[in-house]
Amino acid sequence: MPRQRLTHRRAVHAFPEDFAESLERIRETSGLSWGELARRLGTSPLTLRRWRAGIRPNAQHLFALMAVARDLGVSHLLPTGEPAQPELPGLDRLD
C-alpha cells in the first residue's frame, strides 16, 4: 500500500498596504533623516526609498525596524499586518 502524502499549507500573512506611509510617519515623528534612519536599521537610504516605492523589506529588516521604533518611542506607528484567512470551502455552513 502506498504511503499517504501529507501536504502542509504555509501561513499567509498580509503585508500592510500602508507600510510606506507608516515608515514616513516614523521618520517624521522621530525627527531623523532618511540617512540616519537607514544607518540605524543597518541598510542604505536607497533601500528605504525602495520600501517607500512598494518593495517589501525582509524579516531581518522588519525586526530591526521594530527595535528602532521601540527605542525611539514610536512603535505605535508601526503597521500591523493581520494574517490573511484562507478560503476554505464549506466553512460558512457550520452554523
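Scope of this entry: the structure provided in the associated data block. (Residues numbered from 1 in each chain as written. Predicted model: local features only at pLDDT ≥ 70, side-chain atom pairs only at ≥ 80, totals over all residues. Heavy atoms only, no water.)

Tallying secondary structure elements over the protein chain gives 4 helices and 0 strands in all. Moving toward the C terminus, one meets the helices and strands of the protein chain in the order α-α-α-α. Expressed as a percentage of its 95 residues, the buried residues of the protein chain come to 26%. The long-range fraction of contacts in the protein chain, counting pairs at least 24 apart against all pairs at least 6 apart in sequence, stands at 61%. Accessible area for the protein chain stands at about 7700 Å²; split by element, carbon and sulfur atoms hold 52% of it. (Helix = DSSP H or I, 4+ residues; strand = E, 2+ residues; numbered from the N terminus. Buried < 20%, exposed > 50% of the residue type's maximum accessible area, 1.4 Å probe, protein only. Contact = heavy atoms within 4.5 Å. Areas by Shrake-Rupley, 256 points an atom, 1.4 Å probe, with all protein chains shown as cover.)

Before going further, it helps to spend a moment on the environment of Ala 69. Within the element layout of this structure, Ala 69 appears in helix H4 (residues 59–72). For Ala 69, a relative accessible area of 1% corresponds to the buried category. Taking the C-alpha atoms as reference points, Ala 69 and Ser 30, separated by 39 residues in sequence, lie 8.5 Å from one another. Leave out the neighbours within four places in its chain, and Ala 69 touches Val 74, Ser 75 and Leu 78.

Another aspect to go through is the packing of helix H1 (residues 19–30) against helix H3 (residues 45–52). Between H1 and H3, whose axes approach to 8 Å, the crossing angle comes to 135°. Between H1 and H3, the angle is such that the two are oblique. Contacts between H1 and H3 involve Phe 19, Ala 20, Leu 23 and Glu 24 from the first element and Leu 48, Trp 51 and Arg 52 from the second. (Axes fitted to C-alpha atoms, helices over the stretch in contact; angles between N-to-C directions. Parallel < 35°, antiparallel > 145°, perpendicular 65-115°, else oblique.)

Our next topic: the packing of aromatic side chains. Under the criterion given, the structure shown has 1 aromatic pair. Relative to Trp 51, the ring of Phe 19 lies with its centre 6.3 Å away and its plane at 65°, an arrangement referred to as edge-to-face. With Phe 19 in helix H1 and Trp 51 in helix H3, this residue pair connects regions lying 32 residues apart in the sequence. A relative accessible area of 4% places Trp 51 in the buried class. Across from the ring centre of Trp 34, 4.0 Å away, lies the NZ or CZ of Arg 52, which sits over that ring. (Phe/Tyr/Trp six-rings, centres within 6.5 Å; stacked < 30°, edge-to-face > 60°. Lys NZ or Arg CZ within 6 Å of the ring centre and 35° of its normal.)

Keep in mind these numbers describe shape, not what the thing actually does.
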